[in-house]
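Below, each chain spelled out in residue letters.
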Amino acid sequence: DAGVTQSPTHLIKTRGQHVTLRCSPISGHKSVSWYQQVLGQGPQFIFQYYEKEERGRGNFPDRFSARQFPNYSSELNVNALLLGDSALYLCASSPAGDYGYTFGSGTRLTVV
Amino acid sequence: QQQVKQSPQSLIVQKGGIPIINCAYENTAFDYFPWYQQFPGKGPALLIAIRPDVSEKKEGRFTISFNKSAKQFSLHIMDSQPGDSATYFCAAQAGNFNKFYFGSGTKLNVKP
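We now turn to the structure provided with this report. (Residues numbered from 1 in each chain as written. Chains lettered and ligands numbered in written order. Predicted model: local features only at pLDDT ≥ 70, side-chain atom pairs only at ≥ 80, totals over all residues. Heavy atoms only, no water.)

## A look at the overall build of chain A
Now for step 1: In terms of helices and strands, chain A carries 0 helices and 11 strands.
Now for step 2: A total of 112 residues make up chain A; the buried ones form 51% of that total.
Now for step 3: The contacts of chain A with a sequence gap of at least 6 include a subset with a gap of at least 24, amounting to 53%.
Now for step 4: Of the roughly 5200 Å² that chain A leaves accessible, carbon and sulfur atoms contribute 49%.
Now for step 5: Distance from the positive charge centre (10 side chains) to the negative charge centre (8 side chains) of chain A: 8 Å. (Helix = DSSP H or I, 4+ residues; strand = E, 2+ residues; numbered from the N terminus. Buried < 20%, exposed > 50% of the residue type's maximum accessible area, 1.4 Å probe, protein only. Contact = heavy atoms within 4.5 Å. Areas by Shrake-Rupley, 256 points an atom, 1.4 Å probe, with all protein chains shown as cover. Lys, Arg positive; Asp, Glu negative; His and termini not counted. Charge placed at Lys NZ, Arg CZ, Asp CG, Glu CD.)

Following this line, the structure appears as structure tokens:
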């Protein structure tokens, strides 16, 4: 079975630009969460979606937004990129928003 | 304020040694405590998890010890191998649809 897939794997953007990151959950998983991992730190929660509805939002500015589609895939959008947005963005899925989350390999975003 | 405090930041052991990584928390609403292993360039992978009604859980060479009264839990890796060299994160979650709070990570180096 395919795990959580994220695209692209690497991305370089310029300050002020916009970026869209994509995530496909494990088949049958209805919940997707997004985390930001800055180098040398633990992941920080950004969003959680279940059945296309937002169920949780972390302490991130409104420049960060996300959505979940009918097929349970998800997008994370970041506007007006800052240098500090450079990080590994992780997507995790679970069957029903419960405890069994599986993480993808992430998208490495570099803002220059 | 960091919800989950993890120590040490880094750890070096010889092959066959038993590295121990410790985590402490304050929020008594946490009811699920997973440990994740992360290799460079990869997302975190779930190793083992415990709930607070259990004091110890073993899966293969990995053991979690849990002290509810002290609000501490630790990961022991028996017979450690060079392939165990990775960064380990503890985490805590309070119920369904709630975010994980991750520790800051421990970089483990197992020398041959």
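Now, onward.
## Let's talk about the interface of chain A and chain B
Now for step 1: On the chain B side, the residues contacting the 20 residues of chain A number 20 residues.
Now for step 2: Interface area for chain A against chain B, summed over the two sides, is near 1700 Å², with a carbon-plus-sulfur share of 56%.
Now for step 3: One can count 0 salt bridges joining chain A with chain B.
Now for step 4: There are 2 residue pairs in polar contact (both at pLDDT 80 or more) connecting chain A and chain B.
Now for step 5: Looking at the side of chain A that touches chain B, the elements with two or more residues in it are β4 (31-37), β5 (44-50) and β9 (87-94) of chain A. (Buried area = accessible area lost by both parts, 1.4 Å probe. Salt bridge = Lys/Arg side-chain N within 4 Å of Asp/Glu carboxyl O. Polar contact = N/O pair within 3.5 Å; in protein donor to acceptor, adjacent residues only side chain to side chain.)

## Observations concerning the pattern of salt bridges
Residues and elements named next belong to chain A.
Now for step 1: If you walk through the whole model with that rule in mind, you get 9 salt bridges over all chains.
Now for step 2: Arginine 57 is the salt-bridge partner of glutamate 54, the closest N and O atoms lying 3.3 Å from each other.
Now for step 3: The residue arginine 67 makes a salt bridge to glutamate 75 at a minimum N-O spacing of 3.3 Å.
Now for step 4: Since its relative accessible area comes to 45%, arginine 67 is described here as partly exposed.
Now for step 5: One salt-bridge network, in which partners are shared between bridges, spans Arg22, Arg67 and Glu75.

## Details of the side chain of serine 74 of chain B
Now for step 1: The topology assignment puts serine 74 of chain B in strand β8 (residues 72-77).
Now for step 2: Apart from the residues lying within four places of it in its own chain, the contact partners of serine 74 of chain B are Ile20, Ile21, Asn22, Trp35, Thr63, Ile64 and Ser65 of chain B.

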